[in-house]
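Examining the three-dimensional arrangement
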Amino acid sequence: WLALWVSGVAVSLTVSLILWAGLASKGVFNSGDVVHYGLRCWLAAVTLSLWYSALTVLASSLFRTPVLALLSAGGATTVLFFLRHLSGASWAPSWLRAAHAVFTGAWDDRLLGPDVAQWAAGTGVCLAWTAVAVGAACAVLSKRDV
């Protein structure tokens, strides 16, 4: 999981630096603004990628066939996407509305904001989902190897 996450972060940083250099060289945006907002976007992506890397590792631990792991990770992401959107609807059942803050996708816009408390809460949610997924993957792999 850690190797997958670090490699994703490295690629993301490389692409972000190229993008920032292009935006700054065009002169449309102030270089300080490009770096400021670029870093905020990159840190939000790094935080959210904790969970998605863990989900990928969990799906890979459940299936020996790579295409099944890919499809199950994509399916789980899609289901969580719809649950997050449904939980934010005013007509959703109260139990689903109460669970809205538990979904990692509910924090993506708030991770971009300047409020440190929102950052901390969003990072906590991502870390909790990550710990559960990595722990489950470790349990699956340890039972499979025994």
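Conventions and cut-offs
Residues numbered from 1 in each chain as written. Predicted model: local features only at pLDDT ≥ 70, side-chain atom pairs only at ≥ 80, totals over all residues. Heavy atoms only, no water. Core = buried A, V, L, I, M, F, W, Y, C linked by side-chain atoms within 4.5 Å. Buried < 20%, exposed > 50% of the residue type's maximum accessible area, 1.4 Å probe, protein only. Helix = DSSP H or I, 4+ residues; strand = E, 2+ residues; numbered from the N terminus. Contact = heavy atoms within 4.5 Å. Polar contact = N/O pair within 3.5 Å; in protein donor to acceptor, adjacent residues only side chain to side chain. 1 Å grid on protein atoms, 1.4 Å probe; cavity = no way out; pocket = protein on both sides within 12 Å on 5 of 7 lines; lining within 4 Å. Points joined across faces, edges and corners; volume = space filled by probe spheres on them. Axes fitted to C-alpha atoms, helices over the stretch in contact; angles between N-to-C directions. Parallel < 35°, antiparallel > 145°, perpendicular 65-115°, else oblique. Left-handed = near helix turned anticlockwise from the far one by under 90°. Nonpolar A, V, L, I, M, F, W, Y, C, P; charged D, E, K, R; others polar. Phe/Tyr/Trp six-rings, centres within 6.5 Å; stacked < 30°, edge-to-face > 60°.

**Digging into the nonpolar core**
Inside soluble globular proteins, nonpolar side chains tend to come together where they are buried. Ranked by size, the top nonpolar core spans eight residues in total: Ala 44, Leu 48, Ala 106, Trp 107, Leu 111, Trp 119, Val 125 and Cys 126. Within the residue set of this core, elements represented by two or more residues are helix 2 (31-62) and helix 5 (116-145). Of all the elements, helix 5 adds the most residues to this core, at three residues. With residues up to four places along the chain from it excluded, the contact list for Ala 44 reads Leu 111, Leu 112 and Trp 119.

**Focus: the side chain of Ser 53**
Its place among the elements puts Ser 53 in helix 2. For Ser 53, a relative accessible area of 9% gives the class buried. Within the structure, the side chain of Ser 53 is placed 2.9 Å from the backbone oxygen of Ser 49, a separation counted as a polar contact. What Ser 53 contacts, discounting residues up to four positions off in sequence, is Trp 1, Leu 4 and Trp 5.

**Here's the deal with the layout of surface pockets**
What the largest pocket holds in volume is close to 160 Å³. Lining the largest pocket are Leu 48, Trp 51, Tyr 52, Thr 77, Leu 80, Phe 81, Arg 84, Phe 103, Thr 104, Gly 105, Asp 108 and Trp 129. With four residues, helix 3 (residues 66-87) is the largest single contributor of residues to the lining of the largest pocket.

**Observations regarding the packing of helix 1 (residues 2-26) against helix 2**
Between helix 1 and helix 2, the shortest axis-to-axis distance is 9 Å and the interhelical angle comes to 160°. As judged from the angle between their axes, helix 1 and helix 2 are roughly antiparallel. Considering the relative orientation of helix 1 and helix 2, their crossing is right-handed. In this structure, helix 1 contributes Leu 4, Trp 5, Val 9, Ser 12, Leu 13, Ser 16, Trp 20, Leu 23 and Ala 24 to the contact, and helix 2 contributes Ser 31, Val 34, Gly 38, Leu 39, Trp 42, Val 46, Ser 49, Leu 50, Ser 53, Thr 56 and Val 57. For the contact of helix 1 with helix 2, the class distribution of residues is 13 nonpolar, seven polar and no charged.

**Describing the packing of aromatic side chains**
Enumeration according to the criterion identifies four aromatic pairs in this entry. Judged by centre distance (5.4 Å) and plane angle (75°), the rings of Phe 81 and Phe 82 are edge-to-face. Residue Phe 82 is classed as partly exposed on the basis of its relative accessible area, which comes to 49%.

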